[in-house]
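Structural overview for review
The chain contents come next:
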Amino acid sequence: MSVAVCFAPSTGCPSSVQVPTVGSMVVRARPVTSNDRTGPMGDPASVCDAFEAINLIMASCEGPDLRVTAANAAFRAFTGRTDVIGRPIRDLMPEWEAQRIVAMAERVYSSGQREVGREWRIQVEPEGAGEVREFFIDFTVDPHTDADGKVHGVVGHALDVTDRVVERHAAQRQAADAAHRYEAVRDVVAELQQVLLPADLPVMPRAALAARYLVAAQDQTAGGDWFDAVPLPGGALALVVGDVVGHGVAASAAMGRLRTLLHEMLRETGDVPGSLAKLDRIAARAVSTRAATVCVAVLDQDTGALTYTTCGHPQPLVVAADGSTRYLPRTGAGPLGTGSRPTMGTDALAAGEVLIVYSDGLIERPGRPLEAGMATLAGVAGDAVANRVMAEGAPRSVVDRICQQSVELLTREGYDDDVTVMAVQRRSRSVEPLHLDVPAGRAGYLLLRKSLAGWLDELDATPEDRSAVELAVSELAANIVAHAYAPDDAGPIRLDARLGDDGVLEIVVADEGLWQEPAPTPDDTSGRGLWMVGRLLDDLLVTHRDGAAGTVVTVRHRMHHPAVLDPEPFRPATPHDGGEFAAEIDAGHPLSLRVSGSLSFATASEFAEILGESSRGGVHPLVLDLTRVDVLASAGVNAIFSALSEHATHRHQLHIVAAAGTVPAQVLDLVGLPYTAVNGSAPTR
């Protein structure tokens, strides 16, 4: 008698007798008759053998807790686990919880809709292996339904494409020259993105900074997001994230104008309320800048005191060292140029805590409430601080880790708008100035270099800054050894280094020797060291003490922490789109304009034109019904603000209606637009 072996009950493998388990797989046995070999699936034993041998990672799960009922050899090898049958996937692979994989499978189970992913980066920690393995996979997860169409589980298959991704990344690195030529001929909009956004952030003695920006996925043109970090007079630090409506050249130009104006006003005065009040007046003068949102947070690096404002912008997130999170309350101010006076809020950042400011593109997705996106951001940021997710190869810096993982994980399922995130961590310990006094000679020279390298480690200096500073100081010390003292005189070399509150590194190297005057015609090697120092660093000053021995060389160099613009290679390829835009007018008194679909930058011009025609530019009162809108981007908000202004001129009302609890309603709350909340569609008048 033959025995048919299957991994889960199915129409092709009916079960009648359960026998003991083989390894970790539950087997079911029954006699195999000739009829078994004539069924649509063929010989059940052959089907099960094929399932076990197929070179795809395959598994099925049953029930709301998604317990594994079938898993082939490829799945067990991929996960590094053998006892998978009967275990909930959440318990089986706890590391997948934070990587958003379990949530994706649960969505398929609850919605009954297939989900597909391409080149997802995941990390697996096999039991007892003592190491983390990283893969890239293409996958499909389908609902598993019974004869009545009721979902009772999910079925997934995946292909390990790690080799393909790694090979492509290697080819991209080898094609650096070709990429450079491509950059030279990029269109003007992409070039504006690179020019108008800061390429780097300041390095501060008592705070660590990082930022990431991802251009809108739909048209790959620069958008209206901007970010900035501005050292203020007195040692405070201002973080700025803003969002101008629209995309393309006009939005980029408007963004650049607002960013530059605010940067200069903050840098010169340090007066946040005064600077924002002036920027608000400037923004009101042009349609391209009106209704821009901005969040400004000022950190006192010494005390941790926070002063912030959210002008129509999402509120900042604070993450503690243990991964716990809290959102700061919104200050209630509306977008720039809309007549809403900026107001300030206060809080405090403890040593080791992280403040995160971001644009709505990071948390907003069609058909999902903003609270869901904010909750996801809080979870990802908390995991990143504690280094609980994809720790293998993660950045050492907490702020870099937050920015990298929040952008990667929150945009996996697509994104419509620009995505910006910036994080600052108040250091638990300030980087103190470095003072060295070593004898001129080989031993003193080596000690100086070693001590300076350790000090630069505390600053988390970039390789470029580190190389420039270390080489410059080496040249200055070598000059002293060669020229300041006689061969048998080991006079002192004194070095003082400090990082100022403005992010500028100042190094003073001094000696007590008598430098020889250079010859009228220097030889080929004379003076080259000082020339190199002058080229490597921003500023060089050589001072000879009048009437006394000794020379003092002062160098200054602004330290940089690179901001990542358009990070690769973990960029999702397919955005989520809202529904197709449509609008219709219902006759009545007043008229009603019913809008459905997506109010994004792509449809805002058409929406604004229809809105104006419906009310004759505010001459007639109008009801704007947004209950069927699934995306309300900043460009749509700008059109509504303009229409409100037109209606106010004619002393008529623009009455806005939105479905309670939806993304458009939450956006209206965020920017301070009054509306009537209804359940479902607008009421019939």
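1. Points about the overall build of the protein chain
Counting its secondary structure elements, the protein chain contains 18 helices and 30 strands. Looking at the protein chain residue by residue over its 685 residues, the buried ones come to 51%. For the protein chain, contacts bridging at least 24 residues in sequence account for 64% of all contacts bridging at least 6. On the protein chain, roughly 31,000 Å² of surface is accessible, and the fraction owed to carbon and sulfur atoms is 53%.

2. Some words on the pairing of strand E13 (residues 305–311)
Along any regular strand, the residues point their side chains to alternate faces of the sheet. Judged by how many residues are buried, E13 sits mostly within the fold: five of seven residues are covered. Two strands pair when backbone bridges link them, and strand E12 (residues 293–300) and E13 are joined in this way by six bridges, in the antiparallel orientation. Paired with Val298 across the two strands is Thr307, which belongs to E13. Between E12 and E13, which follow one another and run antiparallel, lie four residues, and Gly304 among them has a positive phi close to 85°. As paired elements, E13 and strand E16 (residues 345–348) share four bridges and run antiparallel to each other.

3. Some remarks on the confidence of the model for the protein chain
On average, residues of the protein chain carry a pLDDT of 82, and 84% of them reach 70 or more. Below pLDDT 50 for its whole length, residues 1–34 participates in 70 contacts with residues either more than four positions away or in separate chains. Low pLDDT (under 50) marks residues 568–578, which in the prediction has 32 contacts with non-local residues, meaning those over four places away or in another chain.

4. Re the pairing of strand E29 (residues 654–659)
With five of six residues buried, E29 is to be regarded as a mostly interior element. Bridge analysis of strand E28 (residues 622–632) against E29 gives four bridges, and the strand direction is parallel. Paired with Leu624 across the two strands is Ile656, which belongs to E29. Pairing analysis gives three bridges linking E29 to strand E30 (residues 676–678), with the strands arranged parallel. Directly across from Val657, in E30, lies its bridge partner Thr676. Taken together, E29, helix H18 (residues 663–671) and E30 constitute a β-α-β crossover, and its handedness is right-handed.

What counts and how
- Residues numbered from 1 in each chain as written.
- Predicted model: local features only at pLDDT ≥ 70, side-chain atom pairs only at ≥ 80, totals over all residues.
- Heavy atoms only, no water.
- Helix = DSSP H or I, 4+ residues; strand = E, 2+ residues; numbered from the N terminus.
- Buried < 20%, exposed > 50% of the residue type's maximum accessible area, 1.4 Å probe, protein only.
- Contact = heavy atoms within 4.5 Å.
- Areas by Shrake-Rupley, 256 points an atom, 1.4 Å probe, with all protein chains shown as cover.
- Pairing = 2+ DSSP bridges.
- pLDDT = per-residue confidence, 0-100.
- Right-handed = clockwise from strand over helix to strand, strands pointing away.

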